[in-house]
2 protein chains.
Amino acid sequence: MRALILTSAAAVLIGAAPPPAKPLTPTDIIAAAPASAWRDIPAEDLMVIEMQGGRKVIIQLAPLFAPVHVANIRAFARSNWWEGSTVYRVQDNYVAQWGQNETDKPLPTGVVAKPAAEYHRALKGLTVKPLGYPDAYAPRTGYAAGWPIAYDPAAGTANLTHCYGYVGVARDLAPDTGTGAELYAIIGNAARALDRNIAIVGRVVEGIDQLSPLPRGTEALGFYKDPAQRVPITSVKLASDLAPADRPAFQQMDVMSTTFASLLRLRANRKDAFYERPAGGVDLCSAAVPVRRKPA
Amino acid sequence: MRALILTSAAAVLIGAAPPPAKPLTPTDIIAAAPASAWRDIPAEDLMVIEMQGGRKVIIQLAPLFAPVHVANIRAFARSNWWEGSTVYRVQDNYVAQWGQNETDKPLPTGVVAKPAAEYHRALKGLTVKPLGYPDAYAPRTGYAAGWPIAYDPAAGTANLTHCYGYVGVARDLAPDTGTGAELYAIIGNAARALDRNIAIVGRVVEGIDQLSPLPRGTEALGFYKDPAQRVPITSVKLASDLAPADRPAFQQMDVMSTTFASLLRLRANRKDAFYERPAGGVDLCSAAVPVRRKPA
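Residues numbered from 1 in each chain as written. Chains lettered and ligands numbered in written order. Predicted model: local features only at pLDDT ≥ 70, side-chain atom pairs only at ≥ 80, totals over all residues. Heavy atoms only, no water.

Residue and element names in this part refer to chain B. Pairing within the open sheet is antiparallel, and its 3 strands lie in the order 1-15-16. With one partner strand each, in any of the chains shown, strand 1 (38-40) and strand 16 (291-293) form the two edges of the open sheet. For this sheet, the mean inter-axis angle between neighbouring strands, taken without regard to orientation, is 35°. The pairing of strand 1 with strand 15 (residues 250-253) spans 3 bridges and is classified as antiparallel. The residue bridging Arg-39 from the neighbouring strand is Gln-252, located in strand 15. (Pairing = 2+ DSSP bridges. Helix = DSSP H or I, 4+ residues; strand = E, 2+ residues; numbered from the N terminus. Axes fitted to C-alpha atoms, helices over the stretch in contact; angles between N-to-C directions.)

Okay, structure coming up:
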């Protein structure tokens, strides 16, 4: 058995000459990032979902991009509205989806039943770090406030993108935009055609690997045929509502930091291990903003 | 529970006016494709992998792009060399990997122990259908002989790409290129940075959803910690070596057909169901070449 990607420790150099400096990996850059390159994620932006079987998924919400939908989601969480709901759909190379339809039970206080579309926002007000490589879906891509964005300087708009682990609001046909009562996460190739057609409300920062290996549903669109296949959700809490000892703390890399700029350059020009031929470019969904547990 | 993507059957129109024509979906176009838009895949290009637990994965080999590695893979299959090997690595959002290291047992007759790099090939000799949208990794993308390709007209080269379900040859550091004894399939976002650094030998045409939900390995790079977690491979056969009754038959869409051109236009401009805002573009890995079981 061999590693498709060898760790640098596996590269044994033989001979008398001093070994050349090992090319850096993205992991090296992230590990060496100074404390100043990290920003705390507010506890009210972290939502902890616990499921039967000990599965736990932590989502970072994006109020800067979908404020009304995120406010709804916080209200659902605070009222324990999702108790008894399930993961009921897993479609290969697409999405895992969970929650409960609004018609099943009364909406909690404070939930906006018919939110306006929050599929994009004004570019104005965002400080953007451009990525600088061509994209099939948008005039420009880059990063703002810790998030990957696609943007259109001419139209003055910016939107979050359907990269791996990103979380959107399931909805019926327009003009319905969904309340946030049912959510999905991308578990396959980026689904960028959905961008600007759905409200993206955040990203999974821990535990996407608890959703991605769930059995695929055999009904159309990956719905589970047998209700017994559904994965019950036992608890959904905002981190800010948890006792301090139970509260997870995360940080995201400052996208305006020199460390992040170095990381992007390296992602586009990997020379570590067996990357013999750097691509000279990278796409937005392959150059994620690093997120980590906040060091103690 | 709602469908993230509604089927057209779910869109009930109310009122006296005749309903407008429903916008086509990619599925509609594929279903309506005439027989002339399909090409049989040769049986010697189809490899059937059976695993414990009834898992079956069928791979289409790409001799046009990696002839020596594909010849090796056929030789491994024909000599039952993989019997007793396993899927031993599953890394989330990256790869599932299987096979057996060449050092474990003697190579079968006919296997080239040190193949040359087949990371790209000459563009010359390929009839190319350009995709026509920007790409972060290559000057051009398109399709040739049933395969998605990235290509560089100036350099005169073309290569297969690490899209979802594509299969590559695991290797150690260069100049080793791997024999094909160990293979991986992409089970997450496209891993295009690997393009031109590894020999891609084919794609999973059926059963990627047998690999993608496997438990993720907890060791570095997704290796299984406990050998008992490995998934035994019970049989690997070329379709051409199976009895006619057991032989799967597949077809791929002719990438030079008008049907495929229509499909690409639609993938870049979806208006069905809740696609309110067509992207105006699509990337290579989101616009796969349709493959189907050959109709009886």
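Still more to cover.
Another point: the pairing of strand 3 (residues 56-61) of chain A. Residue and element names in this part refer to chain A. A large share of strand 3 lies buried, amounting to 5 of its 6 residues. In the sheet, strand 2 (residues 46-51) pairs with strand 3 via 5 bridges, with the strands oriented antiparallel. Each residue of the ladder has a partner; that of Glu-50, found in strand 3, is Lys-56. Hairpin connection from strand 2 to strand 3: 4 residues lie between these consecutive antiparallel strands, with Gly-53 at a positive phi of about 90°. (Buried < 20%, exposed > 50% of the residue type's maximum accessible area, 1.4 Å probe, protein only.)

Moving on to the state of the cysteines. Residues and elements named next belong to chain A. In total, this model carries 2 disulfides over all chains according to the counting rule given. In this model, Cys-163 is linked to Cys-285 through a disulfide, with the two sulfur atoms separated by 2.0 Å. Across the S-S bond of Cys-163 and Cys-285 the torsion is about -75°, and the bridge reads as left-handed. Here Cys-285 lies in the loop between helix 4 (258-268) and strand 16 (291-293) and Cys-163 lies in the loop between strand 10 (157-159) and strand 11 (166-169), a separation of 122 residues in the sequence. For the residue pair Cys-163 and Cys-285, the accessibility class agrees, reading buried in each case. (Disulfide = S-S within 2.5 Å.)

In this section: helix 2 (residues 67-78) of chain B. All names here are of chain B. For helix 2, built from 12 residues, the straight-helix expectation of 16 Å at 1.5 Å per residue is met to within 8% by its first-to-last C-alpha distance of 16 Å. Among all positions in helix 2, only His-69, Val-70, Asn-72, Ile-73, Arg-74, Ala-75, Phe-76 and Ala-77 are buried. Considering only its buried residues, helix 2 is in contact with strand 2 (46-51), strand 3 (56-61), strand 11 (166-169), strand 12 (182-186), strand 13 (200-206) and strand 14 (231-238). Positive phi appears at Asn-80, one or two residues downstream of helix 2, with a value of about 55°. (Expected span 1.5 Å × (residues − 1). Contact = heavy atoms within 4.5 Å.)

With an RMSD of 0.0 Å, the operation that places chain A on chain B is a rotation of 180° combined with a shift of 0.0 Å along the axis. Each copy turns onto its partner about a two-fold axis. A symmetric contact is evident, with 100% of the interface residues of chain A recurring at the interface of chain B. (Least-squares fit on C-alpha atoms with pLDDT ≥ 70 in both.)

Let us now look at the confidence of the model for chain A. Chain-level pLDDT for chain A is 93 on average; 93% of the residues reach the 70-or-more range. Scored below 50 in pLDDT, residues 5-15 of chain A makes 13 contacts in the model with residues more than four places away or belonging to other chains. (pLDDT = per-residue confidence, 0-100.)

Charged atoms that come close allow side chains of opposite charge to pair. Residue and element names in this part refer to chain A. Tallying each qualifying case throughout the model produces 20 salt bridges over all chains. Measuring nitrogen to oxygen at the nearest pair gives 3.0 Å for the salt bridge that ties Asp-241 to Arg-78. Highlighted residues: Asp-241 in the loop between strand 14 (231-238) and strand 15 (250-253) and Arg-78 in helix 2 (residues 67-78), separated in sequence by 163 residues. Arg-192 is the partner of Asp-195 in a salt bridge, and the nearest nitrogen-oxygen pair spans 2.6 Å. (Salt bridge = Lys/Arg side-chain N within 4 Å of Asp/Glu carboxyl O.)

Residues and elements named next belong to chain B. Counting through the fold element by element, Arg-247 comes out in the loop between strand 14 and strand 15. Accessibility expressed as a relative area gives 35% for Arg-247, which makes it partly exposed. A sequence separation of 96 residues divides Arg-247 from Tyr-151, and the C-alpha atoms of the two residues are 34 Å apart. The residues touching Arg-247, leaving out its near neighbours within four places in the chain, are Ala-43, Ala-239, Ser-240 and Leu-242. One polar contact links the side chain of Arg-247 to the main-chain carbonyl oxygen of Leu-242, over a distance of 2.9 Å. (Polar contact = N/O pair within 3.5 Å; in protein donor to acceptor, adjacent residues only side chain to side chain.)

Another aspect to go through is the environment of Val-231 of chain B. Residues and elements named next belong to chain B. Locating Val-231 in the fold gives a position in strand 14. Look at Val-231 and you get buried, because its relative accessible area is 10%. Sequence spacing of Val-231 and Gly-53 is 178 residues, and the spatial spacing of their C-alpha atoms is 8.6 Å. Discounting chain neighbours no more than four positions away, the residues touching Val-231 are Met-51, Gln-52, Ser-85, Thr-86, Val-87 and Leu-214.

Residues and elements named next belong to chain B. Here we have 5 strands laid out as an open sheet, ordered 6-10-9-8-7, and antiparallel in their pairing. The sheet is open, and its two borders are formed by strand 6 (121-122) and strand 7 (128-130), each paired with just one other strand. Alignment of strand 6 against strand 10 (residues 157-159), held across 2 bridges, turns out to be antiparallel. Bridge pairing in strand 10 places Ala-122 opposite Thr-157.

Looking now at the side chain of Asp-272 of chain A. Residue and element names in this part refer to chain A. Topologically, Asp-272 is positioned in the loop between helix 4 and strand 16. Here Asp-272 falls in the buried class, since its relative accessible area comes to 3%. A distance of 2.6 Å separates polar atoms of two side chains, one belonging to Asp-272 and the other to Arg-270. Among all residues touching Asp-272, those that are not within four sequence positions of it are Pro-23, Leu-24, Thr-25 and Pro-26.

Once that is clear, we can look at the interface of chain A and chain B. Of the residues lining the interface, 63 residues belong to chain A; the matching set on chain B comes to 63 residues. Interface of chain A and chain B: buried area, both sides summed, is about 5,800 Å²; carbon and sulfur atoms make up 55% of it. At the junction of chain A with chain B, the criterion picks out 0 salt bridges. Counting every contact that joins chain A to chain B gives 20 residue pairs in polar contact (both at pLDDT 80 or more). Among the secondary structure elements, those contributing two or more residues to the side of chain A that touches chain B are strand 4 (86-91), strand 5 (95-99), strand 12 (182-186) and helix 3 (208-211) of chain A. Residue composition of the side of chain A that touches chain B, by class: 35 nonpolar, 12 polar and 16 charged. (Buried area = accessible area lost by both parts, 1.4 Å probe. Nonpolar A, V, L, I, M, F, W, Y, C, P; charged D, E, K, R; others polar.)

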